[in-house]
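# Observations on the model geometry
One letter stands for each residue in the lines below.
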Amino acid sequence: MTVSGGNGNGNGRQPKPRVFLSGILPAPALQPLQEGEFDCAWWEGEGNLPREVLRREAAGADGLVTFLNDRVDEELLNLAPRLKIVANVAVGYDNFDLAAATRRGILLTNTPGVLTEATADLTFGLLLAAARRFGEGRRLLDSGRWQAWYPLLLAGQELNGATLGIVGLGRIGQAVARRALAFGMKIAYAGRRPVAGAARFGAEFRPLDELLRTADFVSLHCPLTPQTFHLIGRKEIAMMKPTAVLVNTSRGAVVDQGALVEALGAGRIFAAGLDVFEEEPLAPEHPLLSLPNVVCTPHLGSATHSTRLGMARLAVENLVRGLAGERPPNLLNPEVFDR
Ligand code: GLV
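Residues numbered from 1 in each chain as written. Predicted model: local features only at pLDDT ≥ 70, side-chain atom pairs only at ≥ 80, totals over all residues. Heavy atoms only, no water.

### Considerations on the sheet that holds strand E12 (residues 271-274)
Spatially, E9-E8-E7-E10-E11-E12-E13 is the arrangement adopted by the seven strands of the open sheet, whose pairing is parallel. Whereas interior strands pair on both sides, the edge strands pair on one side only; in this sheet they are strand E9 (204-205) and strand E13 (294-296). Taken together, the four bridges between strand E11 (residues 245-248) and E12 define a ladder with parallel strand orientation. In the strand pairing of E12, Val247 is matched with Gly273. Contacts between helix H10 (residues 257-265) and the sheet are confined to E11, E12 and E13, with E12 contributing the most and set at about 140 degrees to the helix. (Pairing = 2+ DSSP bridges. Helix = DSSP H or I, 4+ residues; strand = E, 2+ residues; numbered from the N terminus. Contact = heavy atoms within 4.5 Å. Axes fitted to C-alpha atoms, helices over the stretch in contact; angles between N-to-C directions.)

Encoded structure:
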């Protein structure tokens, strides 16, 4: 077991609230935990936090700081009689069973806003890399088989004048739209309903089917919910243009990955840029990794030093405020607090 920390209960006074973190956070984010009266421990091992460690630690915890792969579900919550708050270091919270936590009066929080620009940057990087075949170019150089310049050598898709279809025009979708406008793209979007302010991007609301049929690029920015699980499946991919590029920086399971592998292998769409996968970490032998027309990154959407620090700070602030009986700034189930 590789768990560190633990400040003890201190001089027979009131026991300190026990806090467990799923991993190491950037040091400056830990300050409020060090300054406050907390008995704090964290996972220091390699890889994702093992389930059995989370179960054991949850059993004695007042607060948890979790990462996006830690399932906080009925089974875990049943083991955690003291738990008051779980603070995710992520904007997405598909790892939470919101209803189960709410029934038990446990506060849940996430970290919206701070990661918007970094995630939009990574999205745009993947879009460019997939459209302009960065991966294939690099592999050609590495192979020593680059013999000549000729007009169709690794020719890709042009951004200027193309339509970017954004699925989910929320904070991150809008930040991607801003970047796309600077590249001369037109914006269309799909989602549950039209978004106020979409006109700022000249963005046209379309039903998903129509968006898929008409867009040159499709970028996914919706949360993973039962409604968006495999939102982009075989049928939807078949609607896309053969020249289309699909980008996913939301959650892997929004796309039916098996159907995507098939379509990319058969050249039914041009390329994909993927930061998220149905199973993370992605196995090195996964067929996605041997397709030339796929550019992949290992869930790095928010991975800049300043953004990851911002997320960690926000998660710790949510946790500390919740444990102090205050309303955390990014509360996902306000009904618990307002009861
Ligand atoms: C990352 O995927 C996040 O949800 O913050």
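### A word on the domain arrangement of the protein chain
What the domain assignment lists for the protein chain is domain 1 (3-112 + 305-337) and domain 2 (116-296). Listed by partner, the interface residues are eight residues for domain 1 and six residues for domain 2. Buried surface at the junction of domain 1 and domain 2, summed over both partners, amounts to about 560 Å²; 49% is from carbon and sulfur atoms. Among the residues domain 1 hides against domain 2, the three largest losses belong to Leu68, Asp94 and Pro112. Together they make up 58% of the total. The interface formed by domain 1 and domain 2 contains one salt bridge. With a closest N to O distance of 2.9 Å, Arg251 and Asp94 form a salt bridge. For the interface between domain 1 and domain 2, the tally reads one residue pair in polar contact (both at pLDDT 80 or more). Here the residues of the side of domain 1 that touches domain 2 sort into three nonpolar, four polar and one charged. (Domains from an automatic or database assignment. Buried area = accessible area lost by both parts, 1.4 Å probe. Salt bridge = Lys/Arg side-chain N within 4 Å of Asp/Glu carboxyl O. Polar contact = N/O pair within 3.5 Å; in protein donor to acceptor, adjacent residues only side chain to side chain. Nonpolar A, V, L, I, M, F, W, Y, C, P; charged D, E, K, R; others polar.)

### A look at the environment of Lys84
Relative to the elements of secondary structure, Lys84 occurs in the loop between helix H3 (74-78) and strand E5 (85-88). With a relative accessible area of 39%, Lys84 lands in the partly exposed category. Ignoring anything within four residues of it in the chain, the contact list for Lys84 reads Asp62, Gly105, Ile106, Leu107 and Leu323. At 3.2 Å, the side chain of Lys84 forms a polar contact with the backbone oxygen of Arg82. (Buried < 20%, exposed > 50% of the residue type's maximum accessible area, 1.4 Å probe, protein only.)

### Concerning the state of the cysteines
The full count for this structure, using the stated rule, is zero disulfides. With no disulfide of its own, Cys296 lies 18 Å from the sulfur of Cys222, the closest cysteine sulfur. (Disulfide = S-S within 2.5 Å.)

### Details of the layout of surface pockets
In this model, the second largest pocket occupies a volume close to 210 Å³. Lining the second largest pocket are Ala129, Phe134, Gly135, Arg139, Leu288, Leu289, Ser290, Leu291, Pro292, Val294, Val295 and Cys296. For the lining of the second largest pocket, the secondary structure elements donating two or more residues are helix H6 (134-143) and E13. For the lining of the second largest pocket, the per-class residue count stands at nine nonpolar, two polar and one charged. (1 Å grid on protein atoms, 1.4 Å probe; cavity = no way out; pocket = protein on both sides within 12 Å on 5 of 7 lines; lining within 4 Å. Points joined across faces, edges and corners; volume = space filled by probe spheres on them.)

### What about the site of the ligand?
Neighbouring the ligand are the residues Leu68, Ala90, Val91, Gly92, Leu115, Arg251, His299 and Met311. Within the backbone of Val91, an N or O atom sits 2.8 Å from an oxygen atom of the ligand. In this structure, an oxygen atom belonging to the ligand sits 2.6 Å away from a side-chain N or O atom of His299. When the ligand is considered free in solution it has 190 Å² of accessible area, and contact with the protein chains removes 90% of it. (Near = heavy atom within 4 Å. Areas by Shrake-Rupley, 256 points an atom, 1.4 Å probe, with all protein chains shown as cover.)

### Some words on the packing of aromatic side chains
Considering all chains together, one arrives at two aromatic pairs under this definition. Ring geometry for Phe124 versus Phe183: centroids 4.8 Å apart, planes at 40 degrees, classification tilted. Of this pair, Phe124 sits in helix H5 (residues 116-131) while Phe183 sits in the loop between helix H7 (171-182) and strand E8 (186-190), placing them 59 residues apart in sequence. When its relative accessible area of 37% is taken as the criterion, Phe183 is described as partly exposed. Centroid distance Tyr189 to Phe205: 5.2 Å. Interplanar angle 55 degrees. Geometry classified as tilted. Of this pair, Tyr189 sits in strand E8 while Phe205 sits in strand E9; the two residues are 16 residues apart in sequence, bridging distant segments of the chain. Relative accessible area serves as the criterion here: at 2%, Tyr189 is assigned to the buried category. (Phe/Tyr/Trp six-rings, centres within 6.5 Å; stacked < 30°, edge-to-face > 60°.)

### Side note on the environment of Arg339
The residue Arg339 is located in the segment after helix H12 (334-338) in this model. When the C-alpha atoms of Arg339 and Gly301 are compared, they prove to be 36 Å apart, with 38 residues separating the residues in sequence. Apart from residues no more than four positions distant in its own chain, Arg339 is found in contact with Thr102, Arg103 and Gly105. For Arg339, the side chain forms a polar contact with the main-chain oxygen of Thr102, separated by 2.7 Å.

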